[in-house]
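# Examination of the molecular architecture
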Amino acid sequence: MSSEVHKYIETSIRKKESLLNAKVIGFPNGQKVNELKNLETIQKNFWKINDKSNEDQLRAVTGICFMFGTLILMGLYSGIF
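Since the structure is predicted, the reported quantities are computational estimates derived from the model, not experimental observations.

Calculation rules
- For every chain, the first residue of the written sequence is number 1, and numbering continues from 1 along that sequence.
- Totals for whole chains, interfaces and linings use all residues, but because this is a predicted model, local features are given only for residues with pLDDT of at least 70 and pairs of side-chain atoms are given and counted only at 80 or more.
- Water and hydrogen atoms play no part in the side-chain values, which are based on all heavy atoms of the structure.
- Going along the chain from the N terminus, every DSSP run of H or I of four or more residues is numbered as a helix, and every run of E of two or more is numbered as a strand.
- Under the scheme applied here, a residue whose accessible area is under 20% of the maximum for its type counts as buried, over 50% as exposed, and between as partly exposed, the area being computed with a 1.4 Å probe on protein chains only.
- Throughout, the Shrake-Rupley method with a 1.4 Å probe supplies accessible areas, and for residues the shown protein chains are the sole cover considered.
- What makes a patch is a set of residues exposed beyond 30% relative accessible area and free of salt bridges, joined within 9 Å when like-charged and within 5 Å when nonpolar (Val, Leu, Ile, Met, Phe, Trp, Tyr).
- Counted as salt bridges are all cases of a side-chain nitrogen of Lys or Arg within 4 Å of a carboxyl oxygen of Asp or Glu.
- It only takes one pair of heavy atoms within 4.5 Å for two residues to be counted as in contact.

The helix and strand inventory of the protein stands at two helices and zero strands. Within the protein, the proportion of its 81 residues that are buried is 1%. Counting every atom, the protein has about 9000 Å² of accessible surface; 62% of that belongs to carbon and sulfur.

In structure tokens form, the structure reads like this:
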């Protein structure tokens, strides 16, 4: 058992030594990165939930809010009585 532990310790030491002896890759500093100066978004289209095209989504959001409200009221009622 002690020889297995000794081998394990030796292998872990070798791995750590090889990690410490690794070379660092040098990146070239001469190249400049193109900087973007104009980062403003020109598009001003907003999603409106009450549009006629989003009628089904409005119903889904309304239904989810109604269910949460109902569950909260039932929880409060059951907690009181």
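There is a patch of nonpolar side chains on the surface, built from Ile64, Phe66, Met67, Phe68, Leu71, Ile72, Leu73, Met74 and Leu76 and spanning about 1000 Å² of accessible area. You can see Ile64 is positioned in helix α2 (residues 55-80).

Here we take up the side chain of Asn54. Structurally, Asn54 can be placed in the loop between α1 (2-20) and α2. A residue is classified by how much of its surface remains accessible, and Asn54, at 9% relative accessible area, is buried. Contact partners of Asn54, with chain neighbours within four places excluded, come to Trp47, Lys48 and Ile49.

A few words now on the environment of Gln57. You can see Gln57 is positioned in helix α2. Owing to a relative accessible area of 34%, Gln57 belongs among the partly exposed residues under this scheme.

The values reported here are purely geometric and, on their own, carry no functional implication.
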